[in-house]
Structures are given as structure tokens and as C-alpha cells.
Amino acid sequence: MMTQHTLSQLHQLRLGGMARALEEQWTLPASHSLSFDERLGLLLDRELAWRDDKRLERLRKQAKLKYASACLEDLDRRRGRTLDERLIATLASGDWIRQRHNLLLTGPTGVGKTWFACALGHQACRQGYSALYLRTPRLLEQLRIAHGDGSFGRTLQQLAKVDVLILDDWGLAALEENARHDLLEVIDDRAGSRSTILTSQLPVEHWHGWINDPTLADALLDRLVHNAYRIVMKGESLRRKNTEEEAAS
């Protein structure tokens, strides 16, 4: 009775990690020889690990990454992809997030821009940062709807709080006037306070023309580019390569 009552109390206090560790201690005779301080230390270690796991699970779920299992350890480093290992190490450390820098990933379709962005989003979650993946056309559609239902301000506030916002397919389709202003609102709220990852088939030097409004383009690019890391991804299409390998197997 005493043991079950103790477990119930731990669960009521939301100390799930300690509850599991205590159950294990009861079933392992070797733990009975440990001192009170040693056993308590093990319980606390398990609780901290359990909370870290739950936080990571929650952050990954909220991030809605297109490639949920993408991680930097699996990054394709084959010759021809021209990836700067020192820059990848810097990004993996999370310093760019702490310094509120942006990251611009450009390159032709199929080279792994979206996967890489999701891997960085996963890495951010591991380090306790919030992340969110959105395709730029989908974001613009959400903002258009938000204007109509009165939730535009609330939507902007939610986006502004995300530590790492991933905007995929930047520059994919022509922008309408309202969409240009909406993008500026999103980026302006984040400039200097949060980090943004953009993936685009369009080279950065063509973004000004894509925005197609000199004044808004200057404002947007000033907030995005001046403190951004840039990676131009090269190499053959990974989608095509995977399809060919599957056909050959």
C-alpha cells in the first residue's frame, strides 16, 4: 500500500520520471544497497531526463516538420554538394539562433534544401528552441484567411514567438500586393529577435525582382539578408537519384 501510495503522489505531482525510476529501484535488489542520497540522486537524474524527453517530443510535434526524422547526423556529405563543414558545425551548435541570425538555403529542386532545413529545425528542438515549418504559399493563404476572420494580429503574434521559423518554397509563385505587405509584417516582427530559415530555388540576387515592389523589397531584404548565413546547395537531384537506385534494386 505504501509503495502504491507513493507512486500515486509522484504522479499527482507530475513527477513521472521519478515514479518510473522508483518502481525500477523496488524491483532491482542491487539498488537496495545504495545510500538514501545515491537513490535520491538517481531519481532526480531520471526525472530530469524524462522532462527533457517530453519537452523534445512536444517541440517536435509543434514544429510540424515536413521531414520529422531529419537530423544533421544523417546529412548527405557526398562530394559535389559543396557543403562547408565549419558552417554546418556552427549551425549545429545553435549559436546562430542565440544571435538571432537567419539562414538562406538556395539551390535547384531536389538537392535537399527542405530536408536540411528540417534537420536544423530538429536540432533547434533538441536544444530547447521552438520551431515551425511552413510552405510560404501556405503561409500566405493562412494570412489571407486571417484578414477575413479577424485573427491576423493573433497569427502574427504566434509567428513572432517561434524561435526558428522555416519558410519553404520562398519565391516559388508570383506575389500579390497584399501578400507582399503580409510577408513584411511577418519578417519585421522577427527581425533581430528570432531566426528564420528560407529555402528557395531562386538565387538571393533575384529576390528583389520577385517581390516586384522596390520599396517593400528593400525593406524585406534588409531585414532578411544583412545578418543571414547563406548556403547555396549544389549536386544532382536526390529525388532522381533515389528513384534510380530503387529502380536498379
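Now for a description of the structure that goes with this document. Just so you know, these numbers come straight off a predicted model, no measurement behind them. Counting of residues starts from 1 at the beginning of each chain's written sequence and follows it residue by residue. In view of the model being predicted, local features appear only for residues whose pLDDT reaches at least 70, and side-chain atom pairs are presented and counted only at 80 or more, with totals across whole chains, interfaces and linings using the full set of residues. Each side-chain value is derived from all of the structure's non-hydrogen atoms; neither hydrogens nor water enter the calculation.

**Digging into empty space enclosed by the protein**
The gaps of empty space that remain are located by a probe, the size of a water molecule, rolled over the atoms. A 1.4 Å probe that fits but cannot get out identifies a cavity on a 1 Å grid over protein atoms alone, an open set with protein on both sides within 12 Å along at least five of seven lines counts as a pocket, and a residue lines either if it has an atom within 4 Å of a point. Grid points are joined across faces, edges and corners, and a volume is the space filled by probe spheres set on the points. Going through the model one piece at a time under the given rule, you end up with one cavity of 30 Å³ or more. Estimates place the volume of the largest cavity at around 50 Å³. Arg100, Asn102, Ile187, Arg190, Ala191, Gly192, Arg194, Thr196, Arg223, Leu224 and Asn227 together form the lining of the largest cavity. Secondary structure elements are defined from DSSP: runs of H or I of at least 4 residues count as helices, runs of E of at least 2 residues count as strands, and each element is numbered from the N terminus. Elements represented by at least two residues in the lining of the largest cavity include exactly helix H9 (177–190) and helix H11 (214–225). For this classification, the nonpolar set comprises Ala, Val, Leu, Ile, Met, Phe, Trp, Tyr, Cys and Pro, the charged set comprises Asp, Glu, Lys and Arg, and every other residue, Gly included, is treated as polar. For the lining of the largest cavity, the residue count by class is three nonpolar, four polar and four charged.

**Notes on the packing of aromatic side chains**
Ring pairs are drawn from Phe, Tyr and Trp, using the six-membered ring of Trp, whenever the two centres fall within 6.5 Å, and their geometry is named by plane angle: stacked under 30 degrees, edge-to-face over 60, tilted for the rest. Applying the stated criterion across every chain yields a total of two aromatic pairs. Taking 5.8 Å as the distance between ring centres and 55° as the angle between the ring planes, the aromatic pair formed by Trp170 and Trp207 counts as tilted. Placement of the pair is Trp170 in the loop between strand E3 (164–168) and H9 and Trp207 in helix H10 (residues 207–211), with a sequence separation of 37 residues. For each residue, the accessible area found with a 1.4 Å probe, counting protein chains only, is set against the maximum for its type, and the residue is called buried under 20%, exposed over 50%, and partly exposed in between. Since its relative accessible area comes to 1%, Trp170 is described here as buried. What makes Trp207 buried here is its relative accessible area of 0%.

**Some remarks on the sheet that holds strand E4 (residues 195–200)**
Two strands are said to pair when DSSP picks up at least two bridges between them. Read across the open sheet, the five strands follow the order E2-E3-E4-E1-E5; overall the sheet is parallel. Whereas interior strands pair on both sides, the edge strands pair on one side only; in this sheet they are strand E2 (131–135) and strand E5 (228–232). Averaged over all neighbouring strand pairs, the angle between strand axes comes to 15°, with direction disregarded. Bridge count between E3 and E4: four bridges; the pairing is parallel. By the bridge assignment, Leu167 is partnered in E4 with Leu198. Helix axes are fitted only over the stretch in contact, all axes being lines through C-alpha atoms; the angle between N-to-C directions runs from 0 to 180 degrees.

**Some words on H9**
Here, expected helix span is obtained from the residue count minus one, scaled by 1.5 Å. With 14 residues, H9 should cover 20 Å at 1.5 Å per step; its first-to-last C-alpha distance of 21 Å lies within 8% of that length. Those residues of H9 that sit buried are Ala179, Arg180, Asp182, Leu183, Leu184, Val186, Ile187 and Arg190. On its buried face, H9 is in contact with helix H7 (136–149), helix H8 (152–161), E3, E4, H10 and H11. Gly192 occupies a position one or two residues after H9 and carries a positive phi of about 80°. When checking whether two residues touch, look at their non-hydrogen atoms; a contact exists if any pair is within 4.5 Å.

**Notes on the nonpolar core**
In terms of nonpolar packing, the biggest core is built from 33 residues, with Leu167, Trp170 and Leu183 touching the most fellow members. Elements with a contribution of two residues or more to this core: E2, H7, H8, E3, H9, H10 and H11. Sorting elements by how many residues they give to this core places H11 first, with seven residues. Beyond its immediate sequence surroundings of up to four residues, Leu183 is in contact with Thr136, Leu139, Leu140, Trp170, Leu175, Trp210 and Leu220. By nonpolar core is meant a set of buried Ala, Val, Leu, Ile, Met, Phe, Trp, Tyr and Cys residues that side-chain atoms within 4.5 Å join together. Leu91, Ile97, Leu105 and Ala124 belong to the second largest nonpolar core, which has 30 residues in total.

**Brief notes about the packing of H7 against H8**
Between H7 and H8, the shortest axis-to-axis distance is 8 Å and the interhelical angle comes to 145°. Residues Leu139, Leu143, Ala146 and His147 of H7 touch H8, and the partners they reach there are Phe152, Thr155 and Leu159. Within the contact of H7 with H8, the residues separate by chemical class into five nonpolar, two polar and no charged.

**As for the pattern of salt bridges**
One speaks of a salt bridge when a side-chain nitrogen belonging to Lys or Arg is within 4 Å of a carboxyl oxygen belonging to Asp or Glu. This model, assessed by the stated rule, comprises six salt bridges. For the salt bridge of Arg194 with Asp163, the shortest nitrogen-to-oxygen distance reads 3.5 Å. On the criterion of sequence distance, the pair formed by Arg194 in the loop between H9 and E4 and Asp163 in the loop between H8 and E3 is long-range, its members being 31 residues apart.

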